[in-house]
Amino acid sequence: SAVISQKPSRDICQRGTSLTIQCQVDSQVTMMFWYRQQPGQSLTLIATANQGSEATYESGFVIDKFPISRPNLTFSTLTVSNMSPEDSSIYLCSAYGGERSYNEQFFGPGTRLTVL
Amino acid sequence: EDKVVQSPLSLVVHEGDTVTLNCSYEVTNFRSLLWYKQEKKAPTFLFMLTSSGIEKKSGRLSSILDKKELFSILNITATQTGDSAVYLCAVSPRGNTPLVFGKGTRLSVIA
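Notes on the structure in this doc start here.

Rules behind the numbers
- Residues numbered from 1 in each chain as written.
- Chains lettered and ligands numbered in written order.
- Predicted model: local features only at pLDDT ≥ 70, side-chain atom pairs only at ≥ 80, totals over all residues.
- Heavy atoms only, no water.
- Helix = DSSP H or I, 4+ residues; strand = E, 2+ residues; numbered from the N terminus.
- Rg over C-alpha atoms; globule rule 2.2 N^0.38 Å.
- Buried < 20%, exposed > 50% of the residue type's maximum accessible area, 1.4 Å probe, protein only.
- Contact = heavy atoms within 4.5 Å.
- Areas by Shrake-Rupley, 256 points an atom, 1.4 Å probe, with all protein chains shown as cover.
- Lys, Arg positive; Asp, Glu negative; His and termini not counted.
- Charge placed at Lys NZ, Arg CZ, Asp CG, Glu CD.
- Pairing = 2+ DSSP bridges.
- Phe/Tyr/Trp six-rings, centres within 6.5 Å; stacked < 30°, edge-to-face > 60°.
- Salt bridge = Lys/Arg side-chain N within 4 Å of Asp/Glu carboxyl O.

Moving on to the overall build of chain A. When you go through chain A residue by residue, the secondary structure sums to 0 helices and 11 strands. Counting from the amino terminus, chain A carries its helices and strands in the arrangement β-β-β-β-β-β-β-β-β-β-β. For chain A, whose C-alpha radius of gyration is 13 Å, the value lies close to the compact-globule estimate of 13 Å for 116 residues. Along the three orthogonal principal directions, the C-alpha set of chain A runs to about 40 × 25 × 20 Å. Evaluated residue by residue, chain A yields a buried proportion of 53% over its 116 residues. Of the contacts made within chain A by residues no fewer than 6 positions apart, 56% connect residues no fewer than 24 positions apart. With the model as given, the accessible surface of chain A reaches about 5300 Å², and the carbon-plus-sulfur share is 47%. Across chain A, 8 positive and 9 negative side-chain charges occur, with their mean positions spaced 7 Å apart.

If you walk across this open sheet you meet the 4 strands as β1-β3-β8-β7 (chain A), and the pairing is antiparallel. In this open sheet, the two strands that pair with only one neighbour each are β1 (4-7) and β7 (68-69) of chain A.

So, on to the packing of aromatic side chains. Counted by the stated rule, this structure contains 9 aromatic pairs over all chains. For the ring pair Phe61(A) and Phe66(A), a centre distance of 5.6 Å and an interplane angle of 65° mean the geometry is edge-to-face. Its relative accessible area of 9% is what places Phe61(A) among the buried residues. Among the aromatic residues, those joined into a ring-pair cluster are Tyr35(A), Phe107(A), Tyr36(B), Phe45(B) and Phe101(B).

Residues and elements named next belong to chain B. Inspection of every chain in the model, using the stated rule, returns 4 salt bridges over all chains. We note a salt bridge from Glu26 to Lys3, for which the minimum N-O separation is 3.9 Å. With Glu26 in strand β3 (residues 19-26) and Lys3 in strand β1 (residues 3-7), this pair connects stretches of sequence that are 23 residues apart. For Lys3, a relative accessible area of 43% translates into the label partly exposed. The partner of Arg60 in a salt bridge is Asp83, with the nearest N and O atoms 2.8 Å apart. With a gap of 23 residues between them, Arg60 in the loop between β6 (56-58) and β7 (61-66) and Asp83 in the loop between β8 (71-76) and β9 (85-93) connect regions that are remote in the sequence.

Keep in mind these values describe shape, not function.
And the structure:
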C-alpha cells in the first residue's frame, strides 16, 4: 500500500501561534483527509482536502481555524491557527484511492501537538 | 446519520486468553468495514471486510462480517502483551467519503 509521511512528528507550541503540518504520500491518491484525536478519544474528521479547491469541513471545524491546502494529488497541509491548549491533540493525515491503496484508507504516523 | 458502536470500550485480560471485540454499525450505502490497531499514534490496518460470512485471518487475529445483522467481530486468540492497543472499527460508505469510526476498544493484556 501507499506510504504517508507527516512533518513534524511532534511539536510544543505557545498559545496564540500557528503550526502547519505537512502530509506527503508516496503515490497519487484520490482522497486525502485530516483527523484529530484528542486524548482518550476516537478519531474525529476535521475535513476532506480537495485538490485544486477549498477543503470540505465537518461540523464544528472552520477554515479560519484550520486552513488546508492540497496543491496536487500527493501533498496536503493543515494549519492549526491561533492555538489554545484545547488544540493539544494528535493530528492524522489519511488517504485512499489510487493504484497502491485500492479501497483501504491508510494513515500517516501522526503529529502530536502540545499547546502551552 | 452514519454510526459505528464498539463494545466493550475497554477490556483487561491475561496473556493466553482469547478475546472478542464487537462492532455494530448503521450506515447508508455500505461499502466495507475496516479494523485498525492503534498503539501510539497512527492506526495500522488489520482487515477490510466486504462480504458476509467470510472470515479474514492473520495469525492469531481473525474477523468476520454479518451484513444482515450489521455487525462484525474481531477475535484475538492466545493474547500477548504486544496485543495491548486500541482497536478501532470503521465503516466506509460508498463514494469518495471518509471512514466513520467507532470510539474503539482499549485492550490491555497483562502478563
